[in-house]
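Residues per chain are reported as follows:
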Amino acid sequence: KKLILLSLILCLATTIKASNNVVIVWAGSGSMAESMGDESKMTVSKKALQAVLAKLAPDSKVGIVLFSSYSDGWVYPLGPVDKTKILEEIEKASAGGGTPLGAYMKVGADSLLALRDKEKYGNYRLLVVTDGEANDSNLVEAYLPDILSRGITVDVIGVNMNADHSLATKVSNY
C-alpha cells in the first residue's frame, strides 16, 4: 500500500508542477491519527504534502485549509508560495476532531473561483488530502460534481482511502 501511495504522490506532484493556483483541503481529523503500517495517516499525509510542495512552480499561488483539533480553517491563506512558512504549518498540524470534508471542499473551491474571477487566467486545482471518512459525505457527493463542472481540477491524495470512494472514482487525479 505504501508503494502505491508513494507512486501516486510522485505522479500528482509532477502534475501539479504546471499548476499555478492550488488550494489544499487537508483532513486532520481524528481518523488521521490511526496507524497505517508503522506511521500514522497524519504523518503519511505530511510527507505527501512535503513532496507536492517540493514540485510546485515558484510562481504558484497556494492555500491550505485544515480541519483538525489544531486548526479549523486556513493555516496558509491562498497566495504566493512561501515554502518555509508552508512547511512550518505542515509540521505543526496534528490530528483530532471531526471531518467536515464537503464543507471545506466548498471553501477551497469558492476561494479558487474568486481568484479566477479576479485574475481571469491560470490553472485552478483543489488538492484534497484525506482518508475519505467524512462526517458530511452528502455534501462531498453534492459539491464534487459542481466543483468539477466549474473547471476546477480536483486531485486527491487518498491516505489509506477506500478505492471505491467518490473522491477516488470521480476526480481528475487520484
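Residues numbered from 1 in each chain as written. Predicted model: local features only at pLDDT ≥ 70, side-chain atom pairs only at ≥ 80, totals over all residues. Heavy atoms only, no water.

Participant: Even after reading the chapter, I still don't get the overall build of the protein, so can you show me in this structure?
Facilitator: When its secondary structure is counted, the protein shows 6 helices and 7 strands. Counted from the first residue to the last, the protein has its helices and strands arranged as α-β-β-β-α-β-β-α-α-β-α-β-α. Across the 174 residues that make up the protein, the buried fraction comes to 51%. Long-range contacts, defined here as pairs at least 24 residues apart, represent 74% of the contacts in the protein between residues at least 6 apart. Carbon and sulfur atoms make up 54% of the accessible area of the protein, which totals about 7800 Å². (Helix = DSSP H or I, 4+ residues; strand = E, 2+ residues; numbered from the N terminus. Buried < 20%, exposed > 50% of the residue type's maximum accessible area, 1.4 Å probe, protein only. Contact = heavy atoms within 4.5 Å. Areas by Shrake-Rupley, 256 points an atom, 1.4 Å probe, with all protein chains shown as cover.)

Participant: Sorry if this is basic, but what is going on with the packing of helix H2 (residues 41-55) against helix H3 (residues 83-92) here?
Facilitator: Two numbers describe a pair of packed helices, the interaxial angle and the distance between the axes. At a minimum axis distance of 10 Å, the contact between H2 and H3 shows a crossing angle of 170°. The pairing of H2 with H3 is recorded here as roughly antiparallel in orientation. Between H2 and H3, the residues in contact are Lys46, Leu49, Gln50, Leu53 and Ala54 and Lys83, Ile86, Leu87, Ile90 and Glu91, respectively. Here the contact of H2 with H3 is composed, by residue class, of 6 nonpolar, 1 polar and 3 charged. (Axes fitted to C-alpha atoms, helices over the stretch in contact; angles between N-to-C directions. Parallel < 35°, antiparallel > 145°, perpendicular 65-115°, else oblique. Nonpolar A, V, L, I, M, F, W, Y, C, P; charged D, E, K, R; others polar.)

Participant: Looking at this model, I keep getting lost on the nonpolar core. Mind explaining?
Facilitator: Across soluble globular proteins, you tend to see nonpolar side chains buried next to one another. If you look at the biggest cluster of nonpolar residues, it comprises 50 residues, and the most contacted ones within it are Ile24, Trp26, Met105, Leu126, Val128 and Leu167. What Ile24 contacts, discounting residues up to four positions off in sequence, is Leu49, Val62, Gly63, Ile64, Val65, Leu127 and Val129. (Core = buried A, V, L, I, M, F, W, Y, C linked by side-chain atoms within 4.5 Å.)

Participant: Can you help me understand the pairing of strand E7 (residues 153-158) in this one?
Facilitator: Within E7, 5 of the 6 residues are buried, which leaves it mostly tucked inside the rest of the structure. Note that strand E6 (residues 124-130) and E7 share 6 bridges and pair parallel. Note on E7: the bridge partner recorded for Val129 is Ile157. Regarding topology, helix H5 (residues 137-149) serves as the crossover connection from E6 to the parallel E7, and that connection is right-handed. (Pairing = 2+ DSSP bridges. Right-handed = clockwise from strand over helix to strand, strands pointing away.)

Participant: Hey, could you run me through the pattern of salt bridges in this one?
Facilitator: Side chains carrying opposite charge are able to pair once their charged atoms draw close together. This structure, assessed with the given rule, holds 9 salt bridges. Between Lys61 and Glu119 there is a salt bridge, and its shortest N-O distance comes to 2.3 Å. Within this pair, whereas Lys61 is found in strand E4 (residues 61-68), its partner Glu119 is found in helix H4 (residues 101-119), the two being separated by 58 residues in sequence. Residue Lys61 is classed as partly exposed on the basis of its relative accessible area, which comes to 21%. In this structure Glu119 comes out as buried when scored by relative accessible area, which is 17%. Each of Glu34, Lys41 and Asp131 takes part in salt bridges that share partners, so that together they form one network. (Salt bridge = Lys/Arg side-chain N within 4 Å of Asp/Glu carboxyl O.)

Participant: Got a minute to help me understand unusual backbone geometry in this structure?
Facilitator: Residues apart from glycine generally show negative phi values, whereas peptide bonds are mostly found in trans. Although it is not a glycine, Lys120 adopts a positive phi angle of roughly 65°. Inspection of the secondary structure assignment puts Lys120 in the loop between H4 and E6. Phi at Asn160 takes a positive value of approximately 60°, unusual for a residue other than glycine. As for its position among the elements, Asn160 is in the loop between E7 and helix H6 (166-169).

In short, shape yes, function no, at least from these values alone.
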